[in-house]
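# Breakdown of the fold
Spelled out, the chains give:
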Amino acid sequence: MTSAQTINLPEARARSAPVVLQVRDLRVYFETARGPVKAVDGVSFQLRERQKLGLVGESGSGKSTIALALLRLIRPPGRIVGGHIELEGANLLDLTEERMRRVRLARIALVTQGAMNSLNPVLRVRDQVRDSLEDHDERCSGREFKARLDNLLDRVGLPRRVASMFPHELSGGMKQRVCIAIAISLRPKVIIADEPTSALDVLIQRQIMETLRIVQDDLGAASILIGRDMGLMAQSVDTVGVMYAGKLVEVGNVHDVFAEPLHPYTQALIASLPSLERKAQMQRIAGSPPSLLNRPTAAPFAQRCPVVLARCALEDPPLREIRPNHWVACHLY
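In this report, we go over the structure that sits alongside the text.

Criteria and cut-off values
Residues numbered from 1 in each chain as written. Predicted model: local features only at pLDDT ≥ 70, side-chain atom pairs only at ≥ 80, totals over all residues. Heavy atoms only, no water. Helix = DSSP H or I, 4+ residues; strand = E, 2+ residues; numbered from the N terminus. Rg over C-alpha atoms; globule rule 2.2 N^0.38 Å. Buried < 20%, exposed > 50% of the residue type's maximum accessible area, 1.4 Å probe, protein only. Contact = heavy atoms within 4.5 Å. Lys, Arg positive; Asp, Glu negative; His and termini not counted. Charge placed at Lys NZ, Arg CZ, Asp CG, Glu CD. Pairing = 2+ DSSP bridges. Phe/Tyr/Trp six-rings, centres within 6.5 Å; stacked < 30°, edge-to-face > 60°. Core = buried A, V, L, I, M, F, W, Y, C linked by side-chain atoms within 4.5 Å.

Each helix and strand counted, the chain has 10 helices and 12 strands in total. The C-alpha radius of gyration of the chain comes to 20 Å, within 12% of the 20 Å expected for a compact globule of 333 residues. Seen through its principal axes, the chain has C-alpha atoms that stretch 70 × 50 × 45 Å. Within the chain, buried positions represent 51% of all 333 residues. Contacts in the chain between residues at least 24 apart in sequence constitute 67% of all its contacts with a sequence separation of at least 6. Side chains of the chain give 44 positive and 36 negative charges; the mean places of these two sets differ by 1 Å.

What follows is the structure, given as structure tokens:
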């Protein structure tokens, strides 16, 4: 299987559901004086209704760049240089900026990691929700808007008095719930959550993830969870895609990937998790990811891999289905 081919995500419950998002050979480069930095380099996947996909990897692996590309929010010097992003039959890369603006929030929504940076500090919560609706020509009477706003706050577990509050009056978890409420206000088909629990304590993290699960199930939407925490992925998604150096190196059902990870990088990520069951020290991953500037044709993990082969220095392995519904890009298989 080549990187340009589409991966049919393997979550059993969703296989018969319609595909809502299809990404093929997505490439996002950032131009520099020394050449292009290939932040995302040939990523393909598809997502079905109600499916929960997790994209995990170290900082700089391309996860957040994929999220911004799906929403067409890449700004210079970055640009989408190739690929296909199809949402419910429409190629988002072919839309005008005005049409794409209307697609955002209405059909594909983003929950960012910096809730305070996403909210306007001088507007009350109710005004920010109203602005989001009116920006998409969703106009309603005062009574209708209040009922709609109350319903949104109820769904994300916030008291209705939050509507009259400013962002600085809310806790970090409450601000993130407000962002989720805005993200689901127009019932999108795809929800992207980019590290939505960063800087929150463990208890609030669990509550935020449960809120996301509830609203996704209520909408029947698909979701993409982006993060670095393999433990959080294990509890929150159906399918996990492991990113490294701008590429997907392993994709599979989350239970299969954790039970028997195939790629040495995935194995290292899982081995680095703390455990109450084993007494051995957590293993660190030696070395650093390769530069994405003028990268040679080689297996991207080769310099850090404990089982590197001679072939790894010569060829970048394609993503292939090694086992049913389990793909890996590694010369060991």
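The next point concerns the pairing of strand S4 (residues 78-87). In this sheet, S4 lies alongside strand S1 (residues 19-32) in antiparallel orientation, the contact comprising eight bridges. Bridge assignment links Arg24 to a residue of S4, and that residue is His84. In terms of strand pairing, S4 meets strand S5 (residues 90-91) through two bridges, oriented antiparallel. When the sheet's bridge partners are listed, Leu87 is paired in S5 with Ala90. Adjacent in sequence and paired antiparallel, S4 and S5 are bridged by two residues, among which Glu88 carries a positive phi angle near 50 degrees.

A separate point is the packing of aromatic side chains. The final tally for this structure, using the stated rule, is three aromatic pairs. Judged by centre distance (4.6 Å) and plane angle (55 degrees), the rings of Tyr244 and Tyr265 are tilted. Taken together, the residues span a long stretch of sequence, with Tyr244 in strand S9 (residues 239-244) and Tyr265 in helix H10 (residues 264-271) at a distance of 21 residues. By the ring-pair criterion, three or more aromatic residues cluster together here, those being Tyr244, Tyr265 and Phe301.

Turning our eyes to something else, we now look at the nonpolar core. In terms of nonpolar packing, the biggest core is built from 56 residues, with Val129, Val156, Val162, Val178, Ile180, Ile184 and Tyr265 touching the most fellow members. At six residues, helix H6 (residues 172-183) tops the list of elements feeding residues into this core. Setting aside anything within four residues of it in sequence, one finds Ile180 in contact with Val111, Val156, Ile208, Thr211, Leu212 and Val215.

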